[in-house]
Each structure stands twice: as structure tokens, then as C-alpha cells.
Amino acid sequence: MFKILSSTRRAALGGAIGFAAAVLFGSTAPAMAQDAKTVKLGFAPWSDAEFVTKLAAKLIKEKLGQDVELVQTDVAPLYQGVSRGDIDAMMMAWLPATHADYFAKVKDKVETLGTVYDGAKLGWVVPTYVPEAEISSIEDLKKPDVQKKLSGTIQGIDPGAGLTRLSHQAVKDYDLGEYKLQISSEAGMLTTVDRAMRSEKWFVATSWSPHWMFGKYKLRYLTDPKESLGQAEHVDILASKKFREENPKAAEFLSRMKVPLNDLEAAMFTAQETSYEAAIEKYIKDHPDQVKAWVGEQS
């Protein structure tokens, strides 16, 4: 059962996230927890964030007996919402580099509960049918024939994404002024990739790991010798300062929740092939010991 919050309730989350849709993740909660405070989890519309957030929501609902509202919004208002306490927690703080600017503005107003996965990576990708002799590094994009085959375009994502900020910097660092960083969205980037792959057209796109696209398409990262796009990162769970006091069980659960990167990418691909709900059910069924550890049950 899904329930979309009214415009009046959305407005209560603050002007910066007034457009956000919040969803009540519903299944029957244990009777003893009927008066438990509803947990508001926020996420940006990225496939990795959506999976781990909805997985956490289902387990909080079914194992801890608390209702959960899912608030989808962009990255900047997500950080603002958690810092103000309008959103209880978010599970997609890419640190130390990607979200450095956002985190710096709120670090004294939020609490880090833990790391949900390690080894996250940002970069630019090309299809494997593009010869490595032609393009192996971002520096190779300066070759006139390569620029022509790529139509002078780097396919990007959301304007507010940390990857977008770092990609703008990479364009400067590698002197790629003849290229246009095409600002779009994750969905827009994936549409471009899908169309190009079908016709084996050359393209370069901004991307990240974990992502289900690596399960569907044969892609490879370009090397980044200047490290403009950063190195491997960890993705943390941030909560409002009041969250642990008001929701101690949920806070402890989130602090224990850690998903191996390979498991996450496999689950994300399953979600694309079926649905997030089906993929979450499968993940819970396939990883009973993980789930027990997260919720504090004895194996």
C-alpha cells in the first residue's frame, strides 16, 4: 500500500523540499509498536539510494514495527531537510569528496550513524566496443577524431549532483573546453546510453558504482590520472540530531546496516528487471543472517 502525502503535508517539510513526494511504506506492524514514531527517510532518485532506502524502510516497518515515510527529493534539499529535522535520516552521503560541499554546511547539525557501503566510485564510462587504443583515459578525449566520434558531448546527470560538480572540474582540468557536459538526470543519461548501445554508437557518460547499468551493459571506466573525479568513497547514513533519542531502535538498526557492494549491484539489477519491491523481498530471503545482524536478532 502506498500513500502520497498531500501538498499541505509536503509543504510542512519546508520550502526547499516542497515538491518532494513522500510515500508511506505499508505493511501490518506489530501491535506493541502502534504508537512508535513514524520514521522519515529521504533519498534522491538514484537507483542505489532507492534500493537501500526502501530495503531499510521495509525492515523498519516489519521488524521494528514503525511506520516509514519515504521522501524523495534532490540532493541539496535532502541535506537541508536532515539538518533541520524535517527528514530523520538519509542513506546516501557520498564522502569524503562527492558530497563534501553539502556535508560541510550541515556537519554540526547531523549525526553520522554508519557506513552503508564502501568502495563507491565516480567516473566517466565508455562502451567496451570502443577500442582502448582509441580511448583509455579522460586525456584521450582531446584527440580530434575522438571528439568528432563523441559529437563533443559528455552525457551527464542531475545539475545538483556531486558527480556533476566534479565533472565540470574534470572538463577544466583536462582542458576539454570543446566538449559540452550535457546536464540531464540519471534517467536521461540511461536513455542515451541505451540508445547508443543498441546501435554501437560511441559515447562517454558520467556514471558511478554501484549501479545496475554495469549488469546490463558492457562498460568500462576511463582512467582519471588527475583524480578530478576523486577516489573510492564510502556512503554514509546521516541522521538529524534528535533522531537517535526519538527513535533509538531505528537508529541502532541503521547503524548496523551495511550492504556489500557486489550484493547491492546484483540487487539493483534485479530491481530493474522486476521491481524494487520484488528485489527487496528476494534480498531479504537470500540474506537472512545479514538481516538478523542488522535488526539485532540472534542467528
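What you are looking at is a predicted structure, and each value in this text was computed from that prediction instead of being measured.

**A short note on the overall build of the protein chain**
Working step 1: Broken down by element type, the protein chain carries 13 helices and 10 strands.
Working step 2: Counted over contacts in the protein chain with a minimum sequence separation of 6, partners at least 24 positions apart contribute 79%.
Working step 3: By element, 49% of the accessible surface of the protein chain is carried by carbon and sulfur atoms, the whole surface being about 13,400 Å².

**A few points about the pairing of strand β5 (residues 110-127)**
Working step 1: The pairing of β5 with strand β10 (residues 233-240) spans eight bridges and is classified as antiparallel. Bridge assignment links Y117 to a residue of β10, and that residue is V235.
Working step 2: Pairing of β5 with strand β8 (residues 205-209) involves five bridges; the strand directions are antiparallel. Across the sheet, residue L122 finds its bridge partner in β8, namely W208.

**Focus: helix α2 (residues 47-64)**
Working step 1: Taking 1.5 Å as the rise per residue, α2 with 18 residues should run 26 Å; its terminal C-alpha atoms sit 25 Å apart, in good agreement.
Working step 2: With its phi angle positive at about 75 degrees, G65 sits one or two positions after the end of α2.

**Some points on the side chain of R220**
Working step 1: Summarising the element assignment, R220 is placed in strand β9 (residues 219-221).
Working step 2: Among the polar contacts listed, one links the side chain of R220 to the backbone oxygen of V130, at a separation of 2.6 Å.
Working step 3: Those residues within four positions of R220 in sequence are excluded, and the remaining contacts are W124, V125, V126, P127, T128, V130, P131, E132, I135 and S136.

**Topic: the packing of α2 against helix α10 (residues 248-256)**
Working step 1: Direction vectors running N to C along α2 and α10 enclose 135 degrees, while the axes themselves pass 11 Å from each other. The orientation of α2 with respect to α10, classified from their angle, is oblique. Along this stretch, α2 crosses α10, giving a crossing that reads as right-handed. In this structure, α2 contributes A56, L59, I60 and L64 to the contact, and α10 contributes K249, A250, F253 and L254.
Working step 2: Grouping the amino acids of the contact of α2 with α10 by side-chain chemistry returns seven nonpolar, no polar and one charged.

Rules used in this analysis
Every chain is numbered independently, its residues counted from 1 as its sequence is written. Per-residue local features are limited, in this predicted model, to residues with pLDDT of at least 70; the limit for side-chain atom pairs, both in listing and counting, is 80 or more; totals at the level of whole chains, interfaces and linings are taken over all residues. Note that the side-chain values use all heavy atoms of the structure and ignore hydrogens as well as water. Strands are runs of DSSP state E lasting at least two residues, helices are runs of H or I lasting at least four, and both sets are numbered from the N terminus onward. Here, residues are in contact when the closest pair of their heavy atoms is within 4.5 Å. Residue exposure ignores everything except the shown protein chains as possible cover, and the areas themselves are Shrake-Rupley values with a 1.4 Å probe. Pairing between two strands is assigned when DSSP locates at least 2 bridges connecting them. Given the number of residues in a helix, its expected span is that number minus one, multiplied by 1.5 Å. Here a polar contact is taken to be a pair of N or O atoms separated by no more than 3.5 Å, where protein atoms must pair a possible hydrogen donor with a possible acceptor and residues adjacent in sequence count only if both atoms sit in side chains. Whenever a helix is involved, its axis is fitted only over the stretch in contact; in every case the axis is a line through C-alpha atoms, and angles between N-to-C directions fall within 0 to 180 degrees. When describing relative orientation, an angle under 35 degrees is termed roughly parallel and one over 145 degrees roughly antiparallel, while 65 to 115 degrees is termed roughly perpendicular and anything else oblique. Two helices crossing with the near one rotated counterclockwise from the far one by less than a right angle form a left-handed crossing, whereas a clockwise rotation gives a right-handed crossing. Amino acids outside the nonpolar list (Ala, Val, Leu, Ile, Met, Phe, Trp, Tyr, Cys, Pro) and the charged list (Asp, Glu, Lys, Arg) are all regarded as polar, and Gly is one of them.

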